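Here are the chains, one letter per residue:
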Amino acid sequence: MQQYDYLVIGSGIAGLTYALKVATECPDKKLAIATKSYEDESNTRYAQGGMAVVLDKVQDSYQQHIEDTLRAGDGLCDEEVVEFVVKEAPARLKELIAWGTKFDEVKQGKYDLGKEGGHTANRIVHHKDITGFEIQRALLERIHECPNIDVLTHHFAVDLITEHHLDVEVTNKSRNCFGAYVLNEETRQIETYLAKITMLASGGIGHVYRNTTNPKIATGDGIAMAYRAKAQVKHMEFVQFHPTALYELDREGQTFLISEAVRGFGAVLRDKQGDSFMEKYDERGALASRDIVSRAIDTELKRSGDEYVYLDCTHLNMEEFEKHFPTITNKCKAVGIDPAKDLIPVVPAAHYLCGGVEVDHYGQSCVGNLFVCGEASCTGLHGANRLASNSLLEAIVYAHRSFVKSMEVFDTIGDLPIPPEWSEKGTTHPKELILITHNRKEVQSIMSNYVGIIRSSERLNRAHKRLRLIHEETEELYRKTKVSPQLSELRSLVTIAYLIIEQSLKRDENRGGFYRTD
Ligand code: FAD
Ligand code: SIN
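Fair warning: this is a prediction, and the values are worked out from it, not measured in the lab.

> Looking at this structure, how should I read the side chain of arginine 290?
Of note, arginine 290 is situated in helix H8 (residues 290-304). In this structure arginine 290 comes out as buried when scored by relative accessible area, which is 5%. Of note is the side chain of arginine 290, whose polar atom sits 2.9 Å from the side chain of glutamine 240. Beyond its immediate stretch of four places on either side in the chain, arginine 290 contacts Glu116, Gln240, Phe241, His242, Pro243, Glu260, His351, Arg386 and Ala388.

> Explain the packing of helix H12 (residues 433-450) against helix H14 (residues 485-506) here, please?
Angle between the axes and distance between the axes are the two parameters that describe a pair of packed helices. Axis separation between H12 and H14 bottoms out at 10 Å; the angle between their running directions is 20°. Looking at the two axes, H12 sits roughly parallel to H14. Crossing of H12 over H14 shows left-handed handedness. Across the interface between the two elements, Ile436, Asn439, Arg440, Val443 and Met447 from H12 touch Gln486, Leu487, Glu489, Leu490, Leu493, Val494, Ala497, Ile500 and Ile501 from H14. Taken together, the residues of the contact of H12 with H14 sort by class into 10 nonpolar, 2 polar and 2 charged.

> Looking at this model, I keep getting lost on the sheet that holds strand E20 (residues 377-378). Mind explaining?
Consider a sheet: its strands pair through backbone hydrogen bonds, and that pairing is either parallel or antiparallel. Strand order across the open sheet formed by 3 strands is E12-E18-E20, with mixed pairing between neighbours. Among the strands making up the open sheet, the edge pair consists of strand E12 (233-234) and E20. Pairing of strand E18 (residues 356-358) with E20 involves 2 bridges; the strand directions are parallel. Bridge assignment links valine 357 to a residue of E20, and that residue is serine 377.

> Quick question: what am I supposed to make of the nonpolar core here?
With 69 residues, the main nonpolar core has Val208, Val443 and Ile500 as its most contacted residues. Looking at this core element by element, the count peaks at 10 residues for H14. Leaving out residues up to four positions away in the same chain, valine 443 has contacts with Val208, Leu467, Ile470, Leu490, Leu493, Val494 and Ala497. Grouped together as the second largest cluster of nonpolar side chains are 52 residues, Leu20, Ile197, Met199 and Cys373 included.

> I tried to follow the site of ligand 1 on my own but got confused; where do I start?
The environment of ligand 1 is made up of 38 residues, and the closest members are Thr44, Gly50, Ala157, Glu375 and Ser391. In this structure, a nitrogen atom belonging to ligand 1 sits 2.9 Å away from a main-chain N or O atom of alanine 157. Serine 391 places a polar side-chain atom, nitrogen or oxygen, 2.7 Å from an oxygen atom of ligand 1. For ligand 1, the accessible surface in isolation is 1000 Å², of which the surrounding protein chains cover 99%.

Calculation rules
Residues numbered from 1 in each chain as written. Chains lettered and ligands numbered in written order. Predicted model: local features only at pLDDT ≥ 70, side-chain atom pairs only at ≥ 80, totals over all residues. Heavy atoms only, no water. Helix = DSSP H or I, 4+ residues; strand = E, 2+ residues; numbered from the N terminus. Buried < 20%, exposed > 50% of the residue type's maximum accessible area, 1.4 Å probe, protein only. Polar contact = N/O pair within 3.5 Å; in protein donor to acceptor, adjacent residues only side chain to side chain. Contact = heavy atoms within 4.5 Å. Axes fitted to C-alpha atoms, helices over the stretch in contact; angles between N-to-C directions. Parallel < 35°, antiparallel > 145°, perpendicular 65-115°, else oblique. Left-handed = near helix turned anticlockwise from the far one by under 90°. Nonpolar A, V, L, I, M, F, W, Y, C, P; charged D, E, K, R; others polar. Pairing = 2+ DSSP bridges. Core = buried A, V, L, I, M, F, W, Y, C linked by side-chain atoms within 4.5 Å. Near = heavy atom within 4 Å. Areas by Shrake-Rupley, 256 points an atom, 1.4 Å probe, with all protein chains shown as cover.

Below you can see the structure in the form of structure tokens.
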């Protein structure tokens, strides 16, 4: 059994920021960051466009950023949350810079502010088109300087430890988290990690769909674990589809993103005939909010039978373009597309989950001592649809607020109970791992075919029925065989798919990113 003061699950912007703050403020406390892949693999690593922060008080204002966020969220944002997130942004940005993150400047001390869909002003700070990579690099460098943090890579959290594992009768109200059972992929043993405070920063769910901008780690494990621990999980129906993932023939899984900042830079969406079509759908054209652009593309593709639309950059200043978007330019060239001359084929892909584990203004879930931060959480900032570049911002603001609150509550937490060692349900190794792969693909097909950008009760019910069988098969495998990361991820994906379908069936209106034909 391993005992820490704080257990952080996940090494993206949310987990790293929280851990760094706690470790620096409390050098006498011990922290573990358990992360299921390499330390720098996460959604954060791939963030391109940047982070929304009001810095230019002449052309922009907090009020404008608040209004843009509320407009995108379509009536479901928590207004108090929106206000404090927007207003706390400059202070959190300053910290990122002090930790060594470099943001592009137009001249010394004046940041280059980009624009993206749904924003009424230029307010996106960025590092070329690899903002997330740069933020994570700087955070990891600082984390490595902290002697009181153990970074445990290839440590896969399987379940949160609550009274349930102690065989104690509990009501939802009195449930607490004491750490997690974690699969050490090197030893293949599931180890007990006890901690007074657990921070769940396990990111998103993109791989519940066939095509997603997310890397493979995004299987919703944290949300599924929290759901099993009886945390409240809400707004799961609001999955955001990014309008412009690069179309590559026969590509499945992680697709390459063409940042919305490219449209902010002046790129135009065209159909295969070369006609610009966004003006038919919204007066803001290609810079309407993401839900509108994705639905418009989906409608165009269904009407034309085509597999993709085009993003046209050919009229832009290419010298500037390449400076601003070197990664996108290189990727396009690597697949034979020259953005200066060719149109870029793009399709919508699953990108971001607006919902997640419900938390209060300080990142606390309803399970005692369980904080949740970043994409796994539902704070009320995004409502029915996230405004572009508000996610990195939400993660750092809530990492700070969770840090403040955990400092306050740490000493009030009593001695931890000693939970039993993980009792393996099954003892055999699965005879055919391929069955797990098949079921994972089936979940992705069901979700992509029936629970995509445009839904209906008929499609949702069909998805529900088909998922039931996969659920039964997966639970049987779980009872009989040893837990592996593959099986654990499949369980998570099935749970996430259920939550999205069930919460979609309950929403009988079209709002934000959620749209059903009936
Ligand atoms: P992540 O960064 O995803 O980190 C999650 C961590 O948890 C990972 O380390 C993962 O390995 C670990 N983990 C997961 N499950 C387990 C488990 N069972 N056990 C142990 N560890 C686990 N947002 C913006 O604001 N601006 C942008 O420009 C932007 N661009 C984006 C571009 C792309 C291509 C993508 C995919 C997303 C983009 N986003 C952007 C969204 C944003 O990057 C993410 O929402 C944000 O980085 C999430 O941070 P996080 O720390 O919550 O999760
Ligand atoms: C992008 O660069 O288009 C992604 C921005 C985001 O997801 O906020």
